[in-house]
Amino acid sequence: MIKRKHKGMPKKNVLVIGGGVAGLAAALELAEQEIGVDLIEKSEFLGGHAARFSCKASGECVKCGACIVVEKLKKSFLNPNIRIHTGCKIKKFENNGIIKTRVDKESSEISFESDAAIIASGFKPFNPVNKPFGYKRFNNVITNIDLEEMLKLEDDVVRPSDKRFPKSIAFIQCVGSRDESLNHLWCSHVCCGSALRVAKKIKSIKPETEITFFYIDVQTFGKDFQEFYDSMKQEIRMVRSIPGDILISDNDCPQITFFDSEKNCSIDEIFEMVVLSIGLTPGEDNKNLSELMDIKLDDSGFFKSGENSSTGIFTAGTSRGPMSIEDAILDGGRAALEAIKYIDRKDL
Ligand SMILES: Cc1cc2nc3c(=O)[nH]c(=O)nc-3n(C[C@H](O)[C@H](O)[C@H](O)COP(=O)(O)OP(=O)(O)OC[C@H]3O[C@@H](n4cnc5c(N)ncnc54)[C@H](O)[C@@H]3O)c2cc1C
Ligand code: SF4
Ligand code: SF4
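Here the structure is a predicted model, which is why all the values come from computation and not from measurement.

Before going further, it helps to spend a moment on the sheet that holds strand E10 (residues 168-175). Taken together, the five strands give an open sheet; going across it, the order is E9-E16-E10-E11-E12, and neighbouring strands pair in parallel fashion. In the strand order of this sheet, the two ends are held by strand E9 (141-143) and strand E12 (237-239), each with one partner. Going from strand to strand, the sheet's axes swing by 25° on average, the running direction of each strand aside. Of the strand pairs in this sheet, E9 and strand E16 (residues 273-278) are connected by three bridges, and their pairing is parallel. Bridge pairing links Val141 to Val274 in E16. Across the sheet, helix H3 (residues 144-154) touches E9, E10 and E16, and the angle it forms with E9 is around 80°. In the packing of helix H4 (residues 191-205) onto the sheet, contacts are made with E10, strand E11 (210-214) and E16, and the angle to E10 comes to roughly 170°.

Pasting the structure below:
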């Protein structure tokens, strides 16, 4: 690791755009190397999407990564080299060796000068309203993000229609990912693991809950995940099929139609609640930021990586494509080290 020598007031500054885990990790790495950071976040809160996730431990930790966010937040607030600006929108960006940025904050305007910049503006969760699953039309069809929020706020799982625990739950995987009709050809990497961890949590709250998992194939990323997946297969029913559509049946119960390849026929089955495992799509500001900062996007709409190092602008985390919390943190650290190398090269 590069260790810079001077202490005291930082002599160099980096702009970090986005206060999710990737931006926080980048800011902390820079600050620990005595570089001043202006961290700008458009919302009023830091932590990004991961700050909305619940702890899925049920007796033992299932390594979801959600608690790392709290630790990164605490460290960022305490580090005097990090200046945090929430509720900010970038208005102007100029890069002539020194980066000059102007942002709007409420009714005032703030300006920064920086030696490099890191874009860590994250992702947008897929919005499934136009898929034939009845999201926002049927009360008991929710997304994995809705379920995460329910677990975080209420530490319980209830049907939105009548606030009682569902006896049967279907998870539908790959909603908005690996979908040729949308030209979303990427795997979102995190939603299989996330759904299985939530399923385990639900089983720990009410073991008699019947859980069915509709999937294409299961992405087993990360250390120890295969072992976890093998144990979950004993507890839930796995159906290798993605349902065509959902209708509503009695008592607000969603009815799923799917093709059963073993029986070679189409089946209608009723569940008390359905969870759509929506994936990660390019951040909603990607196009705007790419034009403002003259940075290219790839064909999917995520930021291209490694193309802008000569201009002092670096990209990190899910702004570059789907990745887990742990990987977004590592990636934020990597972008910070690249920015430091760039600054040091300029000084030679
Ligand atoms: C349903 C679901 C479940 C998941 N479950 C898990 C899990 O169990 N484990 C796991 O490891 N990962 C999980 N993930 C992935 C996890 O959410 C990401 O890895 C993580 O949030 C990535 O952090 P990030 O900083 O790259 O982006 P984000 O969390 O999106 O943060 C980006 C930040 O940038 C800000 N921003 C955006 N545009 C601008 C702008 N123009 N100016 C200033 N600020 C801006 C945003 O407001 C946000 O605060 C899950 C994702 C989903 C969708
Ligand atoms: S990693 Fe996840 S499951 Fe483990 S303690 Fe942290 S929040 Fe809980
Ligand atoms: S992680 Fe799983 S659910 Fe998510 S897109 Fe990949 S295969 Fe589909």
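The next subject is the site of ligand 3. Around ligand 3 sit Gln173, Cys174, Ser177, Arg178, Cys187, Ser188, His189, Val190, Cys191, Cys192, Asp217 and Gln219, and that is every residue in its neighbourhood. Elements that contribute at least two residues to the shell around ligand 3 include exactly E10 and H4. Tallied by class, the residues present in the shell around ligand 3 amount to five nonpolar, five polar and two charged.

It is common to give the size of an interface as the accessible area lost on bringing the parts into contact. Entries for the chain in the domain assignment read domain 1 (13-122 + 283-347) and domain 2 (125-280). Here the C-alpha centroids of domain 1 and domain 2 sit 31 Å apart. With 18 residues of domain 1 at the interface, the matching set in domain 2 holds 19 residues. Here domain 1 and domain 2 share an interface that buries about 1600 Å² over both sides, 61% of which is from carbon and sulfur atoms. Per-residue buried area on domain 1 facing domain 2 is highest for Arg52, Lys56 and Pro322; these three make up 33% of the total on that side. Applying the counting rule to domain 1 against domain 2 returns two salt bridges. Between domain 1 and domain 2 we count seven residue pairs in polar contact (both at pLDDT 80 or more) in total. In terms of residue class, the side of domain 1 that touches domain 2 is made up of nine nonpolar, six polar and three charged.

Glancing now at the packing of aromatic side chains. Here the structure, examined in full by the defined rule, presents seven aromatic pairs. With a centroid separation of 6.0 Å and an interplanar angle of 85°, the aromatic rings of Phe214 and Phe271 are classed as edge-to-face. Note that Phe214 is positioned in strand E11 and Phe271 in the loop between strand E15 (265-270) and E16, a separation of 57 residues in sequence. One aromatic cluster is present, formed by Phe171, Phe213 and Tyr215 through successive ring pairs. When the ring centre of Phe138 is taken as reference, the NZ or CZ atom of Arg137 above it lies at 5.0 Å. The residue whose ring lies beneath Lys206 is Phe165, and the NZ or CZ to ring-centre distance is 5.0 Å.

Here we come to the site of ligand 2. Cys55, Lys56, Ala57, Cys61, Val62, Lys63, Cys64, Gly65, Ala66 and Cys67 make up every residue found near ligand 2. Of the residues contributing to the shell around ligand 2, the split by class is seven nonpolar, one polar and two charged.

Let us now look at the packing of H4 against helix H5 (residues 225-232). At a minimum axis distance of 11 Å, the contact between H4 and H5 shows a crossing angle of 50°. Accordingly, the angle class assigned to the pair H4 and H5 is oblique. Regarding H4 and H5, the two cross each other, and that crossing is left-handed. Along the contact surface, H4 presents Gly193, Leu196, Arg197, Ala199 and Lys200, while H5 presents Phe225, Phe228, Tyr229 and Met232. Of the residues belonging to the contact of H4 with H5, the class tally is six nonpolar, one polar and two charged.

Turning next to the side chain of Ser76. As for its position among the elements, Ser76 is in helix H2 (residues 66-78). Ser76 gets classed as buried once you look at its relative accessible area, which sits at 1%. The residues contacting Ser76, other than those within four sequence positions of it, are Leu24, Leu28, Ile82 and Ile84.

Counting residues in hydrophobic clusters, the biggest one holds 34 residues, and the most contacted among them are Val14, Leu30 and Ile118. Elements supplying a minimum of two residues to this core: strand E1 (13-17), helix H1 (21-32), strand E2 (36-40), H2, strand E7 (116-119) and helix H7 (325-347). If sequence neighbours within four positions are ignored, Ile118 has contacts with Val14, Leu15, Val16, Ile17, Ala26, Leu30, Phe314, Ala316, Ala335, Ala336 and Ala339. Residues Leu151, Val198, Ile202 and Ile236 belong to the second largest nonpolar core, which totals 27 residues.

Here is what the cut-offs are and how they apply
Note on numbering: residues in each chain are counted from 1, in written sequence order. Chains carry letters from A onward and ligands carry numbers from 1 onward, assigned in written order. Only residues with pLDDT of 70 or above have their local features reported here, since the model is predicted, and side-chain atom pairs are shown and tallied only from 80 upward, although totals for entire chains, interfaces and linings are computed over all residues. Side-chain metrics in this entry use all non-hydrogen atoms of the structure; hydrogen atoms and water are not considered. Pairing between strands is defined by DSSP: at least two bridges between the two strands are required. Helix numbers and strand numbers start at the N terminus; a helix is a DSSP run of H or I with at least 4 residues, a strand a run of E with at least 2. Angles run from 0 to 180 degrees between N-to-C directions of axes, and those axes are lines fitted to C-alpha atoms, restricted for helices to the stretch in contact. Pairs of residues are marked as contacts when any of their non-hydrogen atoms sit within 4.5 Å. Proximity criterion: a residue is near a molecule or strand once any of its heavy atoms comes within 4 Å of it. Polar here means any residue outside two lists: the nonpolar Ala, Val, Leu, Ile, Met, Phe, Trp, Tyr, Cys and Pro, and the charged Asp, Glu, Lys and Arg; Gly therefore counts as polar. Boundaries between domains were set according to an automatic or database domain assignment. What counts as buried area is the accessible surface, traced by a 1.4 Å probe, that two parts surrender upon association, with contributions from both included. For this analysis, a salt bridge means a side-chain nitrogen from Lys or Arg found within 4 Å of a carboxyl oxygen belonging to Asp or Glu. Distance and chemistry together define a polar contact, namely a pair of N or O atoms within 3.5 Å, with one atom able to donate a hydrogen and the other to accept it when in protein, and with adjacent residues in sequence counting only for side-chain atoms on both sides. Pairing of aromatic rings covers Phe, Tyr and Trp, the last through its six-membered ring, and needs centres within 6.5 Å; plane angles under 30 degrees mean stacked, over 60 mean edge-to-face, and all others mean tilted. For a lysine, the NZ atom is tested; for an arginine, the CZ atom; a charge sits over a ring if that atom is within 6 Å of the ring centre and within 35 degrees of the ring normal. Roughly parallel here means an angle under 35 degrees, roughly antiparallel means over 145, roughly perpendicular means 65 to 115, and every remaining angle is called oblique. It is the rotation of the near helix from the far one that decides the hand of a crossing: anticlockwise by less than a right angle makes it left-handed, clockwise makes it right-handed. Three exposure classes are used, based on accessible area relative to the maximum for each residue type with a 1.4 Å probe and protein chains only: buried under 20%, partly exposed in between, and exposed over 50%. For our purposes a nonpolar core is just a set of buried Ala, Val, Leu, Ile, Met, Phe, Trp, Tyr and Cys residues, chained together by side-chain atoms within 4.5 Å.

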